[in-house]
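Coordinates in review
For reference, the chains in residue letters:
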Amino acid sequence: MNSLAKIDEIFIRPMHQEDLHDVMLIENASFPSPWPRNLFIRELGNPISDLFVAMSSGRAGDLVLGYIVCWLVAGDVHIHNVAVHPHFRRGGIASALLEYVLSYYQQRGAQTIYLEVREQNRPAQELYKKFQFHPVGLRHRYYSDTEEDAIVMQRPIV
Ligand SMILES: CC(C)(COP(=O)(O)OP(=O)(O)OC[C@H]1O[C@@H](n2cnc3c(N)ncnc32)[C@H](O)[C@@H]1OP(=O)(O)O)[C@@H](O)C(=O)NCCC(=O)NCCS
């Protein structure tokens, strides 16, 4: 995957199957138990699932910088996956994805948004705190790979 010294502008659009090569590079670099490609393919065909990519246009063409996967069920949004390419972290890309989905689901009348985050995942917890998510529960040993607990975080969509 190419890297850009500086990202001037990003745009967000629905994920397509053609993005999965880049998405899988990010996924594999981001998680101890990455989603397999066929899980993304399944989600792309799941009517309750919305997948978005954050993109940048560069000299070598469009580049996937990050992505988010959410479900909308009975007015509640569940963030199932979010990751940013390691070269481009701390550049506001996850923030842009979160702002996008908050606005997207507000327009669709969703009430709350929630997620699980690993107890040891400080960067993600800081990100969610910055977006006014607050902890509402703990799922004991939720992650079977590391036996870590999951913190459940939630916020209203206003
Ligand atoms: C968590 C993750 C998505 C953040 O993406 P990002 O694009 O770097 O996040 P942003 O640049 O939008 O950061 C927004 C805020 O999050 C917090 N944050 C992000 N990375 C942080 C870090 N490494 N340490 C502390 N706070 C961090 C900060 O409050 C930051 O605001 P600031 O830069 O003004 O201080 C990214 O680190 C990642 O892909 N991690 C691996 C996958 C993952 O853990 N996903 C979440 C699963 S629940």
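Residues numbered from 1 in each chain as written. Predicted model: local features only at pLDDT ≥ 70, side-chain atom pairs only at ≥ 80, totals over all residues. Heavy atoms only, no water.

1. Section: the pattern of salt bridges
Put simply, the test is: We define a salt bridge as a contact between a side-chain nitrogen of Lys or Arg and a carboxyl oxygen of Asp or Glu at a distance within 4 Å. Per-residue accessibility, obtained with a 1.4 Å probe over protein chains only, is compared with the maximum for each type, and a residue is labelled buried under 20%, exposed over 50%, and partly exposed between these values.
Under the defined criterion, the tally for this structure stands at 7 salt bridges. Across the salt bridge formed by arginine 13 and aspartate 19, the nearest N and O atoms sit 2.8 Å from each other. Just as arginine 13 is buried, aspartate 19 falls in that class too.

2. Comments concerning the nonpolar core
We count it as follows: Residues grouped as a nonpolar core are buried Ala, Val, Leu, Ile, Met, Phe, Trp, Tyr and Cys residues, joined through side-chain atoms within 4.5 Å. In this description a helix means any DSSP run of H or I spanning at least four residues, a strand means any run of E spanning at least two, and both kinds are numbered starting from the N terminus. By definition, residues are in contact when any of their heavy atoms lie within 4.5 Å.
Ranked by size, the top nonpolar core spans 33 residues in total, and within it Ile68, Ile79 and Tyr128 carry the most contacts. Sorting the residues of this core by element identifies strand E2 (49-58), strand E3 (61-73), strand E4 (76-84), helix H3 (93-107), strand E5 (112-118), helix H4 (122-130) and strand E7 (148-156) as the ones contributing at least two each. With residues up to four places along the chain from it excluded, the contact list for isoleucine 68 reads Asp50, Leu51, Phe52, Ile79, Asn81, Val82, Leu97, Leu98 and Val101. If you look at the next biggest cluster of nonpolar residues, it comprises 15 residues, including Val23, Trp35, Phe40 and Ala83.

3. Considering the environment of serine 95
Checked against the element boundaries, serine 95 lands in helix H3. Distance in space between the C-alpha atoms of serine 95 and histidine 78 is 16 Å, their sequence separation being 17 residues.

4. Digging into the sheet that holds E3
Within a sheet, adjacent strands bond to each other through the backbone by hydrogen bonds, running parallel or antiparallel. To be explicit about the condition: Following DSSP output, two strands are said to pair if at least two bridges run between them. Lines fitted to the C-alpha atoms define the axes, with helices restricted to the stretch that makes contact. Angles between their N-to-C directions range from 0 to 180 degrees.
Spatially, the 7 strands line up as an open sheet ordered E1-E2-E3-E4-E5-E7-E6, and their pairing is mixed. Of all strands in the sheet, those bounded by a partner on one side alone are strand E1 (11-14) and strand E6 (134-143). In this sheet, adjacent strand axes meet at a mean angle of 30° when their direction is disregarded. Relative to E7, E5 runs antiparallel, the two being bridged by 7 bridges. Residue pairing across strands places glutamate 116 opposite valine 152, the latter belonging to E7. Contacts from helix H2 (residues 37-44) reach E2, E3 and E4 within the one sheet, and its direction differs from that of E2 by about 110°.

5. Some remarks on H4
As a reminder of what qualifies: Each C-beta atom gives one direction from the helix axis, and the arc is the one those directions make. Throughout this description, a polar contact denotes any pair of N or O atoms lying within 3.5 Å of each other; where both atoms belong to protein, one of them has to be capable of donating a hydrogen while the other can accept it, and for residues adjacent in sequence the pair is counted only when both atoms sit in side chains.
Listed in full, the buried residues belonging to H4 are Ala124, Gln125, Leu127 and Tyr128. Viewed end-on, H4 has its buried residues packed into an arc of 160°, placing them on one side of the element. Along H4, the residues that are exposed and aim more than 90 degrees away from the buried face are Pro123 and Lys130. The N-terminus of H4 is capped by asparagine 121, whose side-chain oxygen sits 3.2 Å from the backbone nitrogen of alanine 124.

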